[in-house]
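Here's the letter readout for the chains.
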Amino acid sequence: MRSVFILFLLSLSSKLVFAQHYDHNKICSTDTIQVDTYNHKVDVHFKYKAVECTQVSKFAIRIDLGYNLYSYNEKTKQWLGNHQGALFGLSFAYGNWGFGARFKPATINPMKELVFDDVYLEKNAKLNPIKIEYDLNYSFNFKYNVSFEPYIALTSNSFYVINEDELNQQYNISKVQGLAGGITINKYFRVVNFEYLSLFAKCGYSATNFNKVNAELGRGFADISFGIAYKGYSNRKFIQPID
């Protein structure tokens, strides 16, 4: 967490920070149109020349699709292993601020047996360690459509055994939450005026205490993810009179 905070401060003080990777300025057509309006109050028709313009807003939506690698504390690793999983994300941005959620499913076989409510979870169990991460981030935008996004998050960890019928058992494994922090690096590619595709890499650390799930487990895990994202900004269209 300390290293993430240092990166955050360095980004704030950097002289390389430029405007957001989209253009705030209005974009107007080069074609002139004739507008004919009628004022009911004075019963007069007005005609004037204008151009059609579009201007992007500060609001955006982002969809992530990626692949996650996890590295657990040594005690937790003896049970879960350093496994992999998918990443699905949905977030909203306003200006440089963003808030969103990431769904991180996985399916593994436990590396050792543990007891939950006096029931052994065997090695042949198909276990889904599912993480849902709610994060708040801030985007620092650089040249060439590159951005750094430090974030803080709350991670919810759940465990589901999907072959209970096969094992002829029912398991009640506690959920646990923990604070997390990290940074996402994006390289954006413009698709159309206000829509982008991004290649991203994310690294983070969660201080989740898995000891609350089972006394034989430890605290914390790191994760690294890679993927692609779509980001689109809302925009408004309007008519601008010209002289």
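The structure displayed is predicted, hence computed values, not measured ones. (Residues numbered from 1 in each chain as written. Predicted model: local features only at pLDDT ≥ 70, side-chain atom pairs only at ≥ 80, totals over all residues. Heavy atoms only, no water.)

(A) Structural view of the pairing of strand E5 (residues 97-104). Only one face of E5 is buried, namely the one carrying Gly98, Gly100, Arg102 and Lys104, since none of Trp97, Phe99, Ala101 and Phe103 on the opposite face is buried. Remark: two residues form the turn of the hairpin made by strand E4 (residues 84-94) and E5, two consecutive strands paired antiparallel; Gly95 in that turn has positive phi of roughly 65°. (Buried < 20%, exposed > 50% of the residue type's maximum accessible area, 1.4 Å probe, protein only. Helix = DSSP H or I, 4+ residues; strand = E, 2+ residues; numbered from the N terminus. Pairing = 2+ DSSP bridges.)

(B) Representation of the side chain of Thr76. By the element assignment, Thr76 lies in helix H2 (residues 74-80). When near neighbours in sequence (up to four residues on either side) are disregarded, Thr76 contacts Gly81, Phe210, Leu217, Gly218 and Arg219. (Contact = heavy atoms within 4.5 Å.)

(C) Geometry of the packing of aromatic side chains. As enumerated under the stated definition, the model contains 15 aromatic pairs in all. Ring plane angle 65° and centroid distance 6.1 Å describe the contact between Tyr70 and Phe221, whose orientation is recorded as edge-to-face. With a gap of 151 residues between them, Tyr70 in strand E3 (residues 44-72) and Phe221 in strand E13 (residues 219-241) connect regions that are remote in the sequence. Owing to a relative accessible area of 3%, Phe221 belongs among the buried residues under this scheme. Taking the centre distance of 5.6 Å and the plane angle of 45° together, the rings of Trp79 and Phe116 count as tilted. Placement of the pair is Trp79 in helix H2 and Phe116 in strand E6 (residues 114-116), with a sequence separation of 37 residues. On the basis of relative accessibility, which here comes to 0%, the residue Trp79 falls in the buried class. An aromatic cluster is built from Tyr70, Tyr72, Trp79, Phe116, Phe159, Phe210 and Phe221, whose rings are joined through pairwise contacts. Directly above the aromatic system of Phe221 lies the positively charged group of Lys131, at a separation of 4.9 Å from the ring centroid. (Phe/Tyr/Trp six-rings, centres within 6.5 Å; stacked < 30°, edge-to-face > 60°. Lys NZ or Arg CZ within 6 Å of the ring centre and 35° of its normal.)

(D) Representation of the state of the cysteines in the model. Taken as a whole, this structure holds one disulfide when the rule is applied. Two residues, Cys28 and Cys53, share a disulfide whose sulfurs are 2.0 Å apart. As the torsion about the S-S bond is roughly 105°, the Cys28-Cys53 disulfide counts as right-handed. A residue pair is termed long-range when its members are at least 10 positions apart, and Cys28 in strand E1 (residues 27-28) and Cys53 in strand E3 qualify at 25 residues. In this structure Cys28 comes out as partly exposed when scored by relative accessible area, which is 30%. (Disulfide = S-S within 2.5 Å.)

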